[in-house]
Structure formats: C-alpha cells, structure tokens
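# Survey of secondary and tertiary structure
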Amino acid sequence: MAKTTASQTEAPVFYMTEEHHPQNGTMLGFWIYLMSDCLIFAILFATHGVLGRNYAAGPSPADLFDLDLVAINTSMLLFSSITYGFAMLAMEKGNVKGTQLWLVITGLFGLAFVGLELYEFHHLWHLGATPMRSGFLSSFYTLVATHGLHVSFGIIWLITLLVQVGKHGLVPENKRRLMCLSLFWHFLDVVWIGVFSVVYLLGVLG
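Now for a description of the structure that goes with this document. (Residues numbered from 1 in each chain as written. Predicted model: local features only at pLDDT ≥ 70, side-chain atom pairs only at ≥ 80, totals over all residues. Heavy atoms only, no water.)

### Some thoughts on a nonpolar patch on the surface
Put simply, the rule reads: Like charges within 9 Å and nonpolar side chains (Val, Leu, Ile, Met, Phe, Trp, Tyr) within 5 Å are joined into patches, using only residues over 30% in relative accessible area that form no salt bridge. Accessible areas in this description were obtained via Shrake-Rupley with a 1.4 Å probe; residue shielding takes into account the shown protein chains only. Throughout this description, the term salt bridge denotes a Lys or Arg side-chain nitrogen within 4 Å of a carboxyl oxygen of Asp or Glu. For helices the rule is a DSSP run of H or I covering at least 4 residues; for strands it is a run of E covering at least 2, with both sets numbered from the N terminus onward.
A surface patch of nonpolar side chains, amounting to about 380 Å² of accessible area, comprises Phe 79, Ile 82, Phe 86 and Leu 89. Relative to the elements of secondary structure, Ile 82 occurs in helix 4 (residues 67-92).

Shown next as structure tokens:
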C-alpha cells in the first residue's frame, strides 16, 4: 500500500522536453499558407488575362474605371503597410501603447480601402456593369473581390490581436502572431500593386 502511494505521488516523466509549439513551426506553416494564396491569385490573374478582353459588346475598362479613385484607394493600402511597419518597430522596442496605436491606424486605412472598394462596386452595379455582363467583368469582380475579402479578414485578425495585446501584452506568442499578420498584410499590398497595374492601369491604357 505504501509503495502504491509513493508511486502515485511521483512527478510524471515526459520524454519530450523541448517547447511544444516551436516558433519556427508556426512561421513555416504560415509561409506554406502564403504560397497557397499565391497560387490562388496566380490562377485569378491568369483567368483575367484570358477573359480581360472579352467585353461581349459591353463596357470596357476605359468606360468604367476611375483611375483617380483607384489611385486614392491604392494609397490607402500602401499607407497601411507603412503604418504596420511602425507598429512592428514599436513592438521591437516593447512599446505596447505605440504598437496598439499604429495597429489602430493601420486598421483605419484598411477600412478606408474596403469602403472605397465597396463604393466602386456599387457604382459599377448602378451602371449595369454586373459580373454577369461579360467575361471581363466576371474575372474583374472575382479577382478584386477575393483580394478585398482577404483585406477584410486581415482587419478582423488585426482587431483580434489588438485585444490580445491589450490583455496579455507583447508576450512571445503575440509577437509571433503580429509577425504573421505583418507577412499577410504586406503580401496583400504586393498583390494589389499587381491588380492596380494589370487590371486597372493596363485595362484603361490598353
């Protein structure tokens, strides 16, 4: 009986002594996710390349797109990338309030981007330029809306991290999450530069 009690009070022995969820595993997994997203956008760009001139006797990019509005929208996303960089600098200094402030500014720029994109879609639908009108419009809406959904998801993720940082501070886990969101946010910037150049600029000038 005494032997049984002694064995029950002994501390359990674990064979794995390293960290259960290593940081490099998270970053590797997130890079794999970004590569899969690259494939999705590559397919959408290729689809637009095939259908981008199929107007079906309907409006062309030159008839629909307001480059001034798109340029303003592009600047919103580019500014958000800069402010996220400031958030990362504040994070490296251990400045919780500074990190939160720059994240809020980044989120506001992101919301402005999504809002202008929704305004553009509403305007195009009002003109009768719906996705069903032509192959060009189908590929346009699919590509741009997919990017917009990614930005919207990024804003939700950003708000979640704001809450986590406010609750737990800049612990290693939150720093790792902020790094992942940084990669995601800058990736969306690069994709949007491609959208602006290929869909809008070449569409109007071509």
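### Some remarks on the packing of helix 4 against helix 5 (residues 96-126)
Stated formally: The axes used here are C-alpha line fits, helices contributing only the stretch in contact, and every angle between their N-to-C directions lies in the interval 0 to 180 degrees. For classification purposes, an angle smaller than 35 degrees is called roughly parallel, one larger than 145 roughly antiparallel, one from 65 to 115 roughly perpendicular, and anything else oblique. A clockwise turn of the near helix away from the far one marks a right-handed crossing, whereas an anticlockwise turn of less than a right angle marks a left-handed crossing. Only Asp, Glu, Lys and Arg are considered charged, only Ala, Val, Leu, Ile, Met, Phe, Trp, Tyr, Cys and Pro nonpolar, and every remaining residue, Gly among them, polar.
Interhelical geometry of helix 4 versus helix 5 gives an angle of 165 degrees and a closest axis separation of 8 Å. Between helix 4 and helix 5, the angle falls in the class roughly antiparallel. When the axes of helix 4 and helix 5 are compared, the crossing they make is left-handed. Classifying every residue of the contact of helix 4 with helix 5 gives 19 nonpolar, 7 polar and 2 charged.

### A word on the packing of helix 4 against helix 7 (residues 172-205)
Contact geometry for helix 4 and helix 7: axes closest at 10 Å, N-to-C directions at 160 degrees. The orientation of helix 4 with respect to helix 7, classified from their angle, is roughly antiparallel. In terms of crossing hand, the pair formed by helix 4 and helix 7 is left-handed. Counted by class, the contact of helix 4 with helix 7 contains 19 nonpolar, 5 polar and 2 charged residues.

### A few points about the side chain of Asp 189
Just so we agree on the cut-off: Each residue is placed in one exposure class: buried if its accessible area under a 1.4 Å probe, protein chains only, is under 20% of its type's maximum, exposed if it is over 50%, and partly exposed if it falls in between. In this tally, Asp and Glu contribute negative charge and Lys and Arg positive charge; neither His nor the terminal groups of the chain are included. Note on contacts: a residue pair qualifies if any of its non-hydrogen atoms lie within 4.5 Å across the two residues.
Along the chain, the position of Asp 189 falls in helix 7. Buried charge without a partner: Asp 189 forms no salt bridge, and the closest opposite charge is Lys 93, 21 Å away. The residues touching Asp 189, leaving out its near neighbours within four places in the chain, are Leu 77, Leu 78 and Ser 81.

### Observations regarding the packing of aromatic side chains
Note the cut-off: Each Phe, Tyr or Trp ring, with Trp reduced to its six-membered ring, pairs with another whose centre is within 6.5 Å; inter-plane angles below 30 degrees give stacked pairs, above 60 give edge-to-face pairs, and intermediate values give tilted ones.
For the structure on display, the rule yields 21 aromatic pairs. A ring pair is formed by Tyr 55 and Phe 136, whose centres lie 5.5 Å apart and whose planes are at 90 degrees; its orientation type is edge-to-face. One end of the pair, Tyr 55, is in the loop between helix 2 (23-51) and helix 3 (61-64); the other, Phe 136, is in helix 6 (residues 135-168), and 81 residues separate them in sequence. Owing to a relative accessible area of 0%, Phe 136 belongs among the buried residues under this scheme. Here the aromatic rings of Phe 121 and Phe 140 are separated by 6.2 Å at their centres, their planes lie at 75 degrees, and the arrangement is edge-to-face. One end of the pair, Phe 121, is in helix 5; the other, Phe 140, is in helix 6, and 19 residues separate them in sequence. There is no split in this pair, since Phe 121 and Phe 140 are both buried. Counting every residue linked through ring pairs, the aromatic cluster contains Tyr 55, Phe 65, Phe 113, Phe 121, Trp 125, Phe 136, Phe 140, Tyr 141, Trp 192 and Tyr 200.

### Topic: helix 5
An α-helical turn contains 3.6 residues, so any two residues separated by three or four positions project in the same direction. The test is simple: In a helix, the anticipated span is given by 1.5 Å times the number of residues less one. We define a polar contact as two N or O atoms separated by no more than 3.5 Å, with the added condition that, inside protein, one atom must be a possible hydrogen donor and the other a possible acceptor, whereas residues neighbouring each other in sequence contribute only through side-chain atom pairs.
Between its terminal C-alpha atoms helix 5 stretches 45 Å, which fits the 45 Å expected from 31 residues at 1.5 Å a residue. N-capping of helix 5 is provided by Asn 95, with a side-chain oxygen placed 3.4 Å from the backbone N of Lys 97. Taken from the residues just after helix 5, Gly 128 is the one with a positive phi, measuring 90 degrees.

### Focus: the nonpolar core
Using the following cut-off: To qualify as a nonpolar core, a set must consist of buried Ala, Val, Leu, Ile, Met, Phe, Trp, Tyr and Cys residues joined through side-chain atoms within 4.5 Å.
One finds Phe 140, Val 151, Leu 178, Leu 181, Trp 192, Val 195 and Tyr 200 to be the most contacted residues of the largest nonpolar core, which totals 48 residues. Listed by contribution, the elements that provide at least two residues to this core are helix 2, helix 4, helix 5, helix 6 and helix 7. Ignoring sequence-local partners within four residues, the contact set of Phe 140 consists of His 48, Phe 65, Glu 120, Phe 121, Leu 124, Val 199 and Tyr 200.

### Quick look at helix 4
Compared with an ideal rise of 1.5 Å per residue, which puts 26 residues at 38 Å, helix 4 spans 38 Å between its outermost C-alpha atoms and is within 8% of the ideal. Measuring from the side-chain oxygen of the N-cap residue of helix 4 to the backbone nitrogen of Asp 68 gives 3.2 Å; that N-cap residue is Asp 66. At the exit of helix 4 stands Gly 94, carrying a positive phi of roughly 75 degrees.

### As for unusual backbone geometry
Of note in this structure, Ala 56 is not a glycine but carries a positive phi near 50 degrees. Relative to the assigned elements, Ala 56 resides in the loop between helix 2 and helix 3. Non-glycine residue Ala 57 carries a positive phi angle of around 60 degrees. Within the secondary structure, Ala 57 sits in the loop between helix 2 and helix 3. Here Ala 57 falls in the exposed class, since its relative accessible area comes to 80%.

Everything listed here is a matter of coordinates, which is why it stays silent on function.
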